[in-house]
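Analysis of the macromolecular model
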Amino acid sequence: MREIKKLYVVHPGTQHAFRLVNALASISKSRVIFLSWFTLPCEHFLAKFKIFRKRVKPINEYVKTYNFPFFEGCMLTHLKLNGLFNKNTNNPYYYWQILFGCFLLPIFYFNRKNAILITFETCGWPLTKYAKKWGIPVIMNFPSISHERAESLGIVETEFGKKIKSLERQKIDYAISCSNFAKNSYQNLTSAKEHFAIWLGTDFKVKRHQLGIQRHNSLNIACLANTELRKGIDILLKAFNKIEHTDKKLYLIGSLNPAWIKKYCKDNELSLENIILTGPIAQQDLKDFLFKEKIDLHILPSRFDSFGMVVPETMALGIPNIVSPYVGSGEMINNEVDGFITRNLDVQSLCICIEKFISLNSINRNKLVSNTVEKSTIMTWEKYAGNISNVIGNIIHKF
């Protein structure tokens, strides 16, 4: 009889890590152990406190979760200190993830029999090195594109970040990315025997009567983003200023820097009129906000986005998207049928797509919305879980 495999998932707990462990819990003849910084199952006694609401996740009861909040506290303190000296890089994340990995080494050594390590990029060093030494198979989940591809698109990683990423990916057996765009960026750069692309998903759903009739007298655009240059906010601001419309609004939703927005507009002689910075909106409140503000269009002109969770989320609400050619979830969009993909990453290409949307009559716009909702159904968390279960289930049967 095949022995039970112990699937150790190592991740600080942000992004979609809890979705991954829940999907793994459905694999037969396996036991899932989630080693995190601070991820609380719903039944945890701390889950009832509002301050921890963002860290509470519906984790499967068959997943054993262990938290190590000391590392999160140290990392946050490190970030604060760096901010005081204007050293805004990702290095503090890398430093404390490496120390977390070092801390976990004894756990893996004494539990190496029938163990499989599943980790995320930048969480794997030095774990991947010693896992290979101790005969533990390694599966790495890459949430982003390679730093080499990112640099070609204008976003430069720190030298320390490059070193860590380059080291850990040479000690893996299998790899998973969230899009073919992301997967292809790692071609010939890892030691993985196979590299799989598994789309992420959304829980958002909309009832047909909520879609309503698409209006023509106003144009409400949203962009959900947390970084300025990588998400192409500069391109969006210029395009929005160029679009001629008597009643247009741009909602910038997320942790964007208002000072950066104001300075960029001032330096480029752009108007801030009708540009609304909402700040972050909680996931559970986002759907209501987008409906309340009658958002017609979501735009994500990223320099790169390995996936872009906001694309299927907004599509599921009947909001068509315009994305750049460097957004992974754009792989699901049939251009001008259920959304738009810009020809190039520039202002002119974005303006062309916006003008095409504006020019649609009521019948064609409603058809676009209907197609958008229909297409979003191919990207759900249920399908993600099924794909993860199938791929990793087949992998672990090889060991």
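Each remark here, short or long, concerns the structure printed above.
Residues numbered from 1 in each chain as written. Predicted model: local features only at pLDDT ≥ 70, side-chain atom pairs only at ≥ 80, totals over all residues. Heavy atoms only, no water.

Bringing the overall build of the chain into the picture now. Broken down by element type, the chain carries 15 helices and 15 strands. In terms of overall size, the chain behaves like a compact globule, its C-alpha atoms giving a radius of gyration of 22 Å where 399 residues would be expected to give roughly 21 Å. For the chain, the C-alpha atoms occupy an extent of roughly 65 × 50 × 45 Å along the three principal directions. Split into buried and exposed, the 399 residues of the chain put 53% on the buried side. (Helix = DSSP H or I, 4+ residues; strand = E, 2+ residues; numbered from the N terminus. Rg over C-alpha atoms; globule rule 2.2 N^0.38 Å. Buried < 20%, exposed > 50% of the residue type's maximum accessible area, 1.4 Å probe, protein only.)

Looking now at unusual backbone geometry. Residue proline 126 is bonded to the preceding tryptophan 125 through a cis peptide linkage, with omega at 5 degrees. Here proline 126 lies in the loop between strand E6 (115–120) and helix H4 (127–133). Despite not being glycine, asparagine 114 has its phi angle at roughly 60 degrees, a positive value. Checked against the element boundaries, asparagine 114 lands in the loop between helix H3 (91–110) and E6. Judged by relative accessible area, which is 19%, asparagine 114 ranks as buried. Even without being glycine, asparagine 274 reaches a positive phi, approximately 65 degrees. Looking at the secondary structure, you find asparagine 274 in the loop between helix H10 (258–267) and strand E12 (275–279). Under the relative-accessibility criterion, asparagine 274 is labelled partly exposed at 34%.

This paragraph deals with the nonpolar core. In summary, soluble globular proteins display a tendency toward joint burial of nonpolar side chains. Counting 55 residues, the largest nonpolar core has Val9, Leu20, Leu24, Ile118, Leu290, Ile388 and Ile392 as its most contacted members. Tallying contributions element by element places helix H15 (residues 381–396) first for this core, with seven residues. Leave out the neighbours within four places in its chain, and valine 9 touches Leu20, Val21, Leu24, Val32, Ile33, Phe34, Leu35, Ile118 and Phe120. Grouped together as the second largest cluster of nonpolar side chains are 32 residues, Ile221, Leu256, Cys265 and Ile358 included. (Core = buried A, V, L, I, M, F, W, Y, C linked by side-chain atoms within 4.5 Å. Contact = heavy atoms within 4.5 Å.)

Attention shifts here to the packing of aromatic side chains. If you walk through the whole model with that rule in mind, you get 18 aromatic pairs. Judged by centre distance (6.2 Å) and plane angle (85 degrees), the rings of tyrosine 174 and phenylalanine 399 are edge-to-face. Placement of the pair is tyrosine 174 in strand E8 (residues 174–177) and phenylalanine 399 in the segment after H15, with a sequence separation of 225 residues. Classification of phenylalanine 399 as partly exposed rests on a relative accessible area of 33%. Ring centres of tyrosine 251 and phenylalanine 289 lie 6.0 Å apart, and the angle between their planes is 80 degrees; this geometry places the pair in the edge-to-face category. Of this pair, tyrosine 251 sits in strand E11 (residues 248–253) while phenylalanine 289 sits in helix H11 (residues 283–292), and the two are 38 residues apart along the sequence. On the basis of relative accessible area, tyrosine 251 is assigned to the buried category, the value being 5%. Clustering of aromatic rings is evident, with ring pairs tying together Trp37, Phe68, Phe70, Phe71, Phe100 and Phe103. (Phe/Tyr/Trp six-rings, centres within 6.5 Å; stacked < 30°, edge-to-face > 60°.)

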